[in-house]
Amino acid sequence: MNTKYKLHHFGIATKSIERCAAIYSKLGFEKSETVVEPSQKVKICFLTNEVGTTLELVEPIGDDSPVTRFVKQSGTTPYHSCYEVDDIYEAIDELEDLNFRVMFEPVESEAMDKGLICYLFSVEIGLFELYQKAV
Ligand code: NI
């Protein structure tokens, strides 16, 4: 088995989506609407440019957001990569065999058109997000 992992975006934790996106907009990135992702206690927007690069800006809401510690430790910083797959459950099986730990089971993402997302963690790889498009 080898699930096809298509890079979807890099996730960047930031204290302020507004201030961060303002710089990226000067670099030619277009910003999506900012939406709240209640399951993660974060606000999210996507930045895309005309050559197909996609970045996700993630701003924590409150001190108990899973993203708060990244921002506190490092300021604005990349902290995960996200891969689109056809079958999120098959990919999870494959990754678990490689000692990835599931952080939470797949949930519908408000920010990603109700597709399924889930986060895994590997000591060697770091935070790894899976995304399966909504059908
Ligand atoms: Ni992401």
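Use the structure listed above.
About the thresholds
- Residues numbered from 1 in each chain as written.
- Predicted model: local features only at pLDDT ≥ 70, side-chain atom pairs only at ≥ 80, totals over all residues.
- Heavy atoms only, no water.
- Donors = N, O, S within 2.8 Å, 3.2 Å for Na, K, Ca; no water.
- Tetrahedral: all angles 85-135°; square planar, octahedral: opposite > 155°, others 65-115°.
- Helix = DSSP H or I, 4+ residues; strand = E, 2+ residues; numbered from the N terminus.
- Buried < 20%, exposed > 50% of the residue type's maximum accessible area, 1.4 Å probe, protein only.
- Salt bridge = Lys/Arg side-chain N within 4 Å of Asp/Glu carboxyl O.

A.B. asks: So what about the coordination of the nickel ion? Which residues, and what values?
C.D. replies: For a metal bound by four donors in a tetrahedral arrangement, the ideal donor-metal-donor angle is 109.5 degrees, while six donors in an octahedral arrangement ideally sit at 90 or 180 degrees. Protein-derived coordination of the nickel ion comes from H9 (NE2), E56 (OE), H80 (NE2) and E129 (OE), at a distance range of 2.0 to 2.1 Å. For the nickel ion, the 4 donor atoms in the first shell make angles of 87 to 177° at the metal, a pattern classed as irregular. Read from N- to C-terminus, the donor residues coordinating the nickel ion fall into the pattern H-x46-E-x23-H-x48-E. Placement of the pair is H9 in strand β1 (residues 6-13) and E56 in strand β5 (residues 54-60), with a sequence separation of 47 residues. For E56, a relative accessible area of 2% puts it in the buried group.

A.B. asks: Lay out the pattern of salt bridges in plain terms, naming residues and giving numbers.
C.D. replies: Counted by the stated rule, this structure contains 5 salt bridges. The closest approach of N and O atoms between E59 and K43, which form a salt bridge, is 3.5 Å. Of this pair, E59 sits in strand β5 while K43 sits in strand β4 (residues 42-48), placing them 16 residues apart in sequence. You can call E59 buried: its relative accessible area is 14%. Judged by its relative accessible area of 31%, K43 is partly exposed. Here E84 ties to K133 by a salt bridge, and the two come within 3.7 Å at their closest N and O atoms. With E84 in strand β6 (residues 77-84) and K133 in the segment after β10 (126-132), the pair connects residues that are 49 residues apart, well separated along the chain.

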